[in-house]
Amino acid sequence: MKLMVRLLSRLFAVGCCLALSGSASADGRKAPKGSASVQLLDYAAAQKFMLSLINRDRAKAGLSPVVLDDAASRAGLRHAQDMAAKGFTGHIGTDGSVPEQRYTESGGVHFAQENAACLFDGKARKLDPAPRFEPAKLAELQKMFMDEVPPNDGHRKNVLKAQHNRVGIGLAQPEAVNQPCLAQEFVDDYGSYDALPQEAKPKAKLRIAGSISEPLAFGGIGIGRTPLPTPKSVEEVSGARGYAIPAPAQMYFGPGFKTPKPVQIDGKRFSIDLELGAARGQYAVSIWARQGTGKLFMVSMRTVTVR
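In this text, all values refer to a predicted model and were calculated from it rather than measured experimentally.

A. Representation of the nonpolar core. Counting residues in hydrophobic clusters, the biggest one holds 26 residues, and the most contacted among them are I208, I212, F270, L276, I287 and V299. Within the residue set of this core, elements represented by two or more residues are β8 (205-212), β9 (216-226), β12 (269-275), β13 (281-291) and β14 (297-306). Excluding anything up to four places from it in sequence, L276 contacts A200, K203, A204, L206, Y283, V304 and V306. Judged by nonpolar contacts, the second largest core, of 19 residues, contains L51, L53, M146 and V167.

B. Expanded view of the packing of aromatic side chains. A full pass over the atoms with the stated rule returns 3 aromatic pairs. Where F218 meets F270, the ring centres are 4.6 Å apart and the plane angle is 20 degrees; that geometry is what we call stacked. One end of the pair, F218, is in strand β9; the other, F270, is in strand β12, and 52 residues separate them in sequence. A relative accessible area of 17% means that F218 is categorised as buried.

C. Region of interest: the side chain of T303. By the secondary structure assignment, T303 is in strand β14. Not counting chain neighbours up to four residues away, the residues in contact with T303 comprise E100, Q101, T104, P197, Q198, Q282 and Y283.

D. A look at the sheet that holds strand β6 (residues 191-193). The sheet built from 4 strands is open, its strands ordered β6-β8-β12-β11 with antiparallel pairing. The two strands at the open ends of the sheet, each matched to only one other strand, are β6 and β11 (264-266). Averaged over all pairs of adjacent strands, the angle between their axes in this sheet comes to 20 degrees, without regard to strand direction. The pairing of β11 with β12 spans 3 bridges and is classified as antiparallel. By the bridge assignment for β12, I265 is matched with F270.

E. Main features of helix α5 (residues 135-146). The first and last C-alpha atoms of α5 sit 17 Å apart over 12 residues, in line with the 16 Å expected at 1.5 Å per residue. For α5, the complete set of buried residues consists of P135, K137, L138, L141, Q142, F145 and M146.

F. Up close: the state of the cysteines. Across all of its chains, the model carries 1 disulfide by this definition. Each sulfur in the disulfide pair C118 and C181 lies 2.0 Å from the other. On the S-S bond that ties C118 to C181, the torsion sits near 60 degrees, and the link is right-handed. Of this pair, C118 sits in strand β3 (residues 111-118) while C181 is found in strand β5 (residues 181-188), placing the two residues 63 residues apart along the sequence. Both residues of the pair, C118 and C181, belong to the buried class.

G. Molecular detail of the packing of helix α2 (residues 43-60) against α5. At a minimum axis separation of 10 Å, α2 and α5 run at an interaxial angle of 30 degrees. Accordingly, the angle class assigned to the pair α2 and α5 is roughly parallel. Regarding α2 and α5, the two cross each other, and that crossing is right-handed. Residues A46, F49, M50, L53, I54, R56 and D57 of α2 form the contact with α5, whose own contacting residues are P135, L138, A139, Q142 and M146.

H. Structural detail: the pairing of β9. For β9, the buried fraction is high: 8 of the 11 residues fall into the buried class. Relative to β13, β9 is paired through 10 bridges, and the arrangement is antiparallel. Of the residues in β13, the one forming a bridge with L216 is Q291. Note: β9 against strand β10 (residues 250-252), 3 bridges, orientation antiparallel. Across the sheet, the residue bridging to I223 is Q250, located in β10.

Each value, and the rule that gives it
Residues numbered from 1 in each chain as written. Predicted model: local features only at pLDDT ≥ 70, side-chain atom pairs only at ≥ 80, totals over all residues. Heavy atoms only, no water. Core = buried A, V, L, I, M, F, W, Y, C linked by side-chain atoms within 4.5 Å. Buried < 20%, exposed > 50% of the residue type's maximum accessible area, 1.4 Å probe, protein only. Helix = DSSP H or I, 4+ residues; strand = E, 2+ residues; numbered from the N terminus. Contact = heavy atoms within 4.5 Å. Phe/Tyr/Trp six-rings, centres within 6.5 Å; stacked < 30°, edge-to-face > 60°. Pairing = 2+ DSSP bridges. Axes fitted to C-alpha atoms, helices over the stretch in contact; angles between N-to-C directions. Expected span 1.5 Å × (residues − 1). Disulfide = S-S within 2.5 Å. Parallel < 35°, antiparallel > 145°, perpendicular 65-115°, else oblique. Left-handed = near helix turned anticlockwise from the far one by under 90°.

Take a look at the structure:
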């Protein structure tokens with residue numbers, strides 16, 4: 001029980017969300033005259049520019065750069081488009097999706113933590129089908145993240161988390177609004193994992209297996225359940241507040257530890273056969289690792305939807 005308390009205490013917010021207040025473009029007005037002379041970036045170039053800003057800030061803190069992650073970028077694009085089209089900022093989508101679900105459904109298998117910034121007025125708008133982004137607007141978003149002051153500095157901490165080694169960047173922009181919406185999906189890639197189904201029946205059997213990359217070592221496997229996602233109103237998903245990572249209701253460890261069922265260890269490879277619960281819901285399957293004798297931390301979280 002003491003071990004579970006220590007584990008759960010480490011499950012803090014998945015980044016933060018930041019609504020853009022005070023922006024001259026957030027009220028729906030078109031970009032000012034003369035802005036056409038500004039060199040605008042297409043989607044790929046805007047992603048690379050945002051990546052350069054992230055790595056600039058990490059370098060200032062003495063941290064290694066992150067590389068662009070395709071699966072996380074797809075998850076970020078899905079959320080950025082949802083926020084831009086509905087005029088909100090938050091981590092829960094209007095379809096009820098949450099960050100780890102969107103990352104899983106985009107093909108992600110590791111652990112992702114999200115930063116989000118968009119509009120806040122709740123207005124439905126058409127998305128620009130071929131957005132072009134103003135570099136200064138993108139830099140403004142990153143600056144707002146990095147200018148945060150403790151203890152309200154969730155974005156800044158997420159950008160500067162040493163364990164991150166990849167990032168997804170999703171961008172969207174409504175028509176006639178000169179304001180990009182952004183989702184940064186920071187990823188911790190420290191292993192390879194056998195595939196899991198994204199959907200399953202109640203009491204389905206799962207084989208959870210894979211290997212952890214050195215210098216880390218396998219720590220444990222967690223299973224938790226949250227309610228099935230349901231569509232949400234803009235009012236329900238709006239707000240600059242953190243999103244709590246689903247905590248595992250049960251942990252499984254290797255031989256020699258107190259555990260309801262031991263995880264099998266064969267060299268670098270781990271495996272366990274588990275049965276999902278009878279209740280419908282979204283099951284979060286987490287994989288944990290440690291470095292040396294340090295504390296356990298999560299390196300993978302995938303969702304399995306049980307209907």
